[in-house]
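Commentary on secondary and tertiary structure
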Amino acid sequence: MAARGEQDQAKPTLKFIEPHDGQTINGSTVNLKLSLSGDLKGYKPMKDPATGTGNHIHVILDNQPYEAYYNLDQPFELRNVSEGKHTLRVFPSRPWHESFKNEGAFQMVTFTVKGGGDASKPTTTNSGQRMADSQSAANKTETPLKSANSNAATNSNAAAPREGKDMAGGNASDVDMKKPLLTYSRPKGEYKGADTEAIMIDFWLWNAKLQGDGGDYRVRYSVDGGEAKYIDKWEPIWLKGWTPGKHTVKLELVDKDGNVVANGDYNSTSRDITVTP
Ligand SMILES: [Cu+2]
């Protein structure tokens, strides 16, 4: 931790350069460009080639699992995005995927794609070149929680000219930035070895203060459809006692009466994760 200096106390803020809110995009590729500013205290997104980890931005299309965006100097391509209305949400993360929660860290835009993706065609760049690495980029799995080793080899596509992912899209038509919004961030993907001992639940809250923070809302979670539990302060929690295999984590934003707060369907999210001993 000493090597990270003060950066975990940074207040990084993000802005969308593109797409901008309300934009209409022709074609199935959406280029994401962000600018990072604020009180950074040395915070900079970058993947360490030796470990495959580093500070990064979480990028969420609609309500899918996030993708990690490490190099803001290069555009991040969302490929094969389907026709229709979509949202993008972004926020900065530490190497162990805990998000920064300061004002301005979270940004969201809504945009519309016309002439969306066709999965039967090869992925190309905007200059028409075929992206030979598109499949490996799409299949990459991010190195889980605080790991500094296991995925270094499989993350060798860090050398690829662009970061990106094939994304099918979803339904964003009813999401309203003026309403309370819970953004599921973690856990996701595969957890191995030492990373399986304590697995972090982390999320972003917009327009919603939790009861323990002086507000009206609660975050309800369950694992594998089990007993509902509550998070009443906006902080990550770490859960222990995971058995090997597939698990489902459900995270919901609920009001005083325990009803899920309607905002599209984003305030109730389930994710499958895999725990490997
Ligand atoms: Cu992450």
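In what follows, the structure referred to is the one given above.
The shown structure was predicted, so the numbers you read here are calculated from the model rather than taken from an experiment. (Residues numbered from 1 in each chain as written. Predicted model: local features only at pLDDT ≥ 70, side-chain atom pairs only at ≥ 80, totals over all residues. Heavy atoms only, no water.)

Residue Pro19 is bonded to the preceding Glu18 through a cis peptide linkage, with omega at -10°. Structurally, Pro19 is set in the loop between β1 (11–18) and β2 (24–26). Here the bond from Arg186 into Pro187 is cis, since omega is 5°, no more than 30 degrees from zero. Tracing the sequence through the fold places Pro187 in the loop between β10 (181–186) and β11 (189–192). (Helix = DSSP H or I, 4+ residues; strand = E, 2+ residues; numbered from the N terminus.)

The expected angle between donors at a tetrahedral four-coordinate metal is 109.5 degrees. At an octahedral six-coordinate metal it is 90 or 180 degrees. Looking at the metal site, the copper ion is ligated by His56 (NE2), His58 (NE2), Tyr66 (OH) and His97 (ND1), spaced 2.0 to 2.6 Å from it. If you look at the copper ion, its four donor atoms make angles of 88 to 150° with each other, and the shape they trace is irregular. When the donors of the copper ion are listed by position in the chain, the intervening gaps give H-x1-H-x7-Y-x30-H. A residue pair is termed long-range when its members are at least 10 positions apart, and His56 in strand β4 (residues 56–61) and His97 in the loop between β7 (84–93) and β8 (107–114) qualify at 41 residues. (Donors = N, O, S within 2.8 Å, 3.2 Å for Na, K, Ca; no water. Tetrahedral: all angles 85-135°; square planar, octahedral: opposite > 155°, others 65-115°.)

Further remarks concern the sheet that holds strand β15 (residues 237–240). A sheet is described by the order of its strands in space; here three strands give the open sequence β10-β12-β15, paired in antiparallel fashion. Edge positions in the sheet fall to β10 and β15, since each of these pairs with one other strand and no more. Each neighbouring strand pair of the sheet contributes to a mean axis angle of 30°, computed without reference to strand direction. (Pairing = 2+ DSSP bridges. Axes fitted to C-alpha atoms, helices over the stretch in contact; angles between N-to-C directions.)

Opposite charge on two side chains permits pairing when their charged atoms draw close. For the structure shown, the criterion picks out 13 salt bridges. Here Lys33 makes a salt bridge to Glu18, at a shortest N to O gap of 3.3 Å. Of this pair, Lys33 sits in strand β3 (residues 30–39) while Glu18 sits in strand β1, placing them 15 residues apart in sequence. Judged by its relative accessible area of 26%, Glu18 falls in the partly exposed class. One salt bridge in this structure joins Lys250 and Glu252, with 3.7 Å as the shortest N-O distance. Taking relative accessible area as the criterion, Lys250 reaches 32% and is therefore assigned partly exposed. A cluster of three or more residues bridged by salt bridges with shared partners is formed by Arg4, Asp8, Arg94 and Glu98. (Salt bridge = Lys/Arg side-chain N within 4 Å of Asp/Glu carboxyl O. Buried < 20%, exposed > 50% of the residue type's maximum accessible area, 1.4 Å probe, protein only.)

Next up on the list: the sheet that holds strand β16 (residues 245–254). The sheet built from five strands is open, its strands ordered β11-β17-β16-β13-β14 with mixed pairing. Since the sheet does not close on itself, it has two edges, and those belong to β11 and β14 (229–231), each with one partner. Taking the axes of each pair of neighbouring strands and ignoring which way they run, one obtains an average angle of 30° across the sheet. In terms of strand pairing, β16 meets strand β17 (residues 268–276) through eight bridges, oriented antiparallel. Looking at the pairing, Thr248 lines up with Asp272 of β17.

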